[in-house]
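Architecture at a glance
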Amino acid sequence: MFRQIGPTEILIILGVVLLLFGGKKLPELARGSGKALRIFKTEVKAMHDDDDDQTPKPASLETVEAAERDKKPEQG
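Just so it is clear, the model here is predicted, and its values are computed rather than measured. (Residues numbered from 1 in each chain as written. Predicted model: local features only at pLDDT ≥ 70, side-chain atom pairs only at ≥ 80, totals over all residues. Heavy atoms only, no water.)

1. Re the overall build of the protein
A count of helices and strands for the protein gives three helices and zero strands. The linear arrangement of helices and strands in the protein, starting from the amino end, is α-α-α. Summed over its atoms, the accessible surface of the protein is roughly 7,800 Å², and 62% of this surface lies on carbon and sulfur atoms. (Helix = DSSP H or I, 4+ residues; strand = E, 2+ residues; numbered from the N terminus. Areas by Shrake-Rupley, 256 points an atom, 1.4 Å probe, with all protein chains shown as cover.)

Dropping the structure here:
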């Protein structure tokens, strides 16, 4: 049903882009797209790093018991 884009279609698309933006604007357009992609990648990586930091670590039984002992007031 759908086929992949071939070299002819890519050349047609590049020709249309060249006609729309002109030769002087293409470097600016490419530079802006590169910056946007770089910012997007760093934000996605930061989101993944934040998700990894927020995962709770399982507490061992000994640390739970020690915390409970510290909370109880000593009777004397």
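2. Some remarks on the pattern of salt bridges
Tallied over the full model, the rule gives one salt bridge. The closest approach of N and O atoms between Arg3 and Glu9, which form a salt bridge, is 2.9 Å. (Salt bridge = Lys/Arg side-chain N within 4 Å of Asp/Glu carboxyl O.)

3. Looking at the confidence of the model for the protein
Scored by pLDDT, the protein has a mean of 80; 76% of the residues are at 70 or more. Looking over the protein, one finds the lowest element-wise mean pLDDT in helix 3 (residues 61-71), namely 72, and the highest in helix 1 (residues 7-21), namely 91. (pLDDT = per-residue confidence, 0-100.)

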